[in-house]
Amino acid sequence: MNAPVRKIGPVLATFVVANNMIGSGFFLLPATLARSGAVTAISWLVATLLAVVLGGAFARLARDYPTMDSPDDYVRPALGRDASFIATTMYWVSTWIGNNAIAVAAFGYLVMLLPFDGEQPSVQVAGQIVLIWAMFAINLLGPRPMARFQSFCVVFGLMPVAVVLIFGWGSFDAAIYEAGWNVTERSDTAVVFSSLAMIFWAFVGLETGAMVAGIVRNPARDLPLATLGGVLIAGLIYLVSSVLVMGIAPAQQLADSSAPFALVSGEIFGAWAIPVIAAAAALKAVGTLGGWMLVTGELGARASQRGFLPAIFGRLNTRGAAAWGLLIVAASMTVIALLTLSPKVSAQFELIIEVVVMLVVLAYLAAGLSLLLGSPQRRPSGRDRLLGIGAILACLLLLASYPLVMLGWGVLVVLLAWGLFRLLDRGDLHMA
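Residues numbered from 1 in each chain as written. Predicted model: local features only at pLDDT ≥ 70, side-chain atom pairs only at ≥ 80, totals over all residues. Heavy atoms only, no water.

This next bit is on the overall build of the protein chain. Scanning the protein chain from terminus to terminus reveals 19 helices and 0 strands. Against the compact-globule benchmark of 22 Å for 432 residues, the protein chain has a radius of gyration of 21 Å, which places it among compact chains. Summarising its shape, the C-alpha atoms of the protein chain cover approximately 60 × 50 × 45 Å along the three principal directions. In the protein chain, which comprises 432 residues, the share counted as buried stands at 54%. Look at the contacts in the protein chain between residues 6 or more apart in sequence, and 81% of them connect residues 24 or more apart. Accessible area for the protein chain stands at about 17800 Å²; split by element, carbon and sulfur atoms hold 70% of it. Taking the average place of the 24 positive charges on the side chains of the protein chain and the average place of its 21 negative ones, the gap between the two points comes to 14 Å. (Helix = DSSP H or I, 4+ residues; strand = E, 2+ residues; numbered from the N terminus. Rg over C-alpha atoms; globule rule 2.2 N^0.38 Å. Buried < 20%, exposed > 50% of the residue type's maximum accessible area, 1.4 Å probe, protein only. Contact = heavy atoms within 4.5 Å. Areas by Shrake-Rupley, 256 points an atom, 1.4 Å probe, with all protein chains shown as cover. Lys, Arg positive; Asp, Glu negative; His and termini not counted. Charge placed at Lys NZ, Arg CZ, Asp CG, Glu CD.)

With that out of the way, let us pick up the pattern of salt bridges. This structure, assessed with the given rule, holds 8 salt bridges. Between Arg 76 and Asp 72 there is a salt bridge; the shortest N-O distance is 3.0 Å. Of the two residues, Arg 76 and Asp 72 are both situated in helix H4 (residues 71-79); the distance of 4 residues between them amounts to about one turn of the helix. Judged by relative accessible area, which is 26%, Arg 76 ranks as partly exposed. Exposure remark for Asp 72: the relative accessible area of 7% places this residue in the buried category. (Salt bridge = Lys/Arg side-chain N within 4 Å of Asp/Glu carboxyl O.)

Now for the nonpolar core. Phe 200, Phe 203 and Leu 206 are the most contacted members of the largest nonpolar core, which has 127 residues in total. When sequence neighbours within four positions are dropped, the list of residues in contact with Phe 203 reads Met 21, Trp 44, Ala 47, Thr 48, Ala 51, Val 231, Gly 235 and Tyr 364. (Core = buried A, V, L, I, M, F, W, Y, C linked by side-chain atoms within 4.5 Å.)

Glancing now at helix H18 (residues 382-400). Here H18 is 19 residues long and its end C-alpha atoms lie 27 Å apart, about the 27 Å a rise of 1.5 Å per residue gives. Residues of H18 that are buried make contact with helix H3 (40-64), helix H10 (196-200), helix H17 (345-373) and helix H19 (404-424). (Expected span 1.5 Å × (residues − 1).)

We now examine the packing of helix H15 (residues 273-305) against helix H16 (residues 323-339). Where H15 contacts H16, the axes come no closer than 10 Å and their chain directions differ by 125°. Between H15 and H16, the crossing angle belongs to the class labelled oblique. Between H15 and H16 lies a crossing of right-handed hand. Contact with H15, carried on its side by Leu 289, Met 293, Thr 296 and Gly 297, involves Leu 326, Val 329, Ala 330 and Met 333 of H16 and no other residues of that element. Split by residue class, the contact of H15 with H16 holds 6 nonpolar, 2 polar and no charged. (Axes fitted to C-alpha atoms, helices over the stretch in contact; angles between N-to-C directions. Parallel < 35°, antiparallel > 145°, perpendicular 65-115°, else oblique. Left-handed = near helix turned anticlockwise from the far one by under 90°. Nonpolar A, V, L, I, M, F, W, Y, C, P; charged D, E, K, R; others polar.)

Shown next as structure tokens:
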């Protein structure tokens, strides 16, 4: 007889959600946001509120779909197969494009430990590509070794950075913070609004609480608590860290840095701390990259099983890894790294995360519509409709913060993907 699965309670579930959001954004977003100024602290508050609303929507969906592990599980019953294809595949694409942003952040810190000048864009992109393929190789060993590697990186990667957050306030200079409040020529309101999309990158992962509903002891009670708690913990840590670094180093200095936390640690503790913090941040970001590559492979396999991707993405090796799918993803990530090459790491990071958020918001929008409309098997309650409307409005606000040109490119990508799907689809059969 199989042993019963040991399930987790609300506290552990909360930290699962929070950990999935605290990644590369924690280490590199301060440099990207420094190009706008400390006024983006207001953007953090707004984005946290939007994340709470969206997290509530996913927690509600998890009640009705307790075995949910793909957007297809909640989109198809309410919106049909075509809408489910768009939500599922765009979410999958967002994960592997987003992995490039994590690689950018990881090598941005790692390069500070290397015995040569790593500021050249060619060196940066070469390092990112090496990390991508290294994490691909580890993932071929299977989910268990990858999970162990990620756990090691989390524990030893965050401890030194936590020291900076605790003891850094003695070096905080209100004059530096005020001088960098708004370093653009736009109004505060315009900067706050236009920063929402890039800031929301930090909250991608809020849906993972719903995706692990099957291992939570009491999903109906614990998932809303875990999702809300996880979002608030992540939002607080992001806000505090952003304010801290912008009050220690001038905005332009931060914007030019590939490793803002290492930069401020030098200001706080002295030059000896720079390589220590750089090593810790690089370790945490590399672990995050490996973990999200695992997620990308799993999502691709599920999308293949549902007939949304070619059958090759669903083939597993003897260790349980989606080897062929990950090979295609790693090659695609290499192309993205080359296409987004930029003289400044923060600029490359910003471009990638804005594309990712735009794609992942489609899956969030589908979640809101699913709650609002219900399905033949599930009649929506008044609370469902309220949460659905809130999620839809949050998604529309995020999309409205984008330039029209970028939105136009996003629409074009979705239409091309949908057209190809309609051309090759054979019902529930895999595309050959």
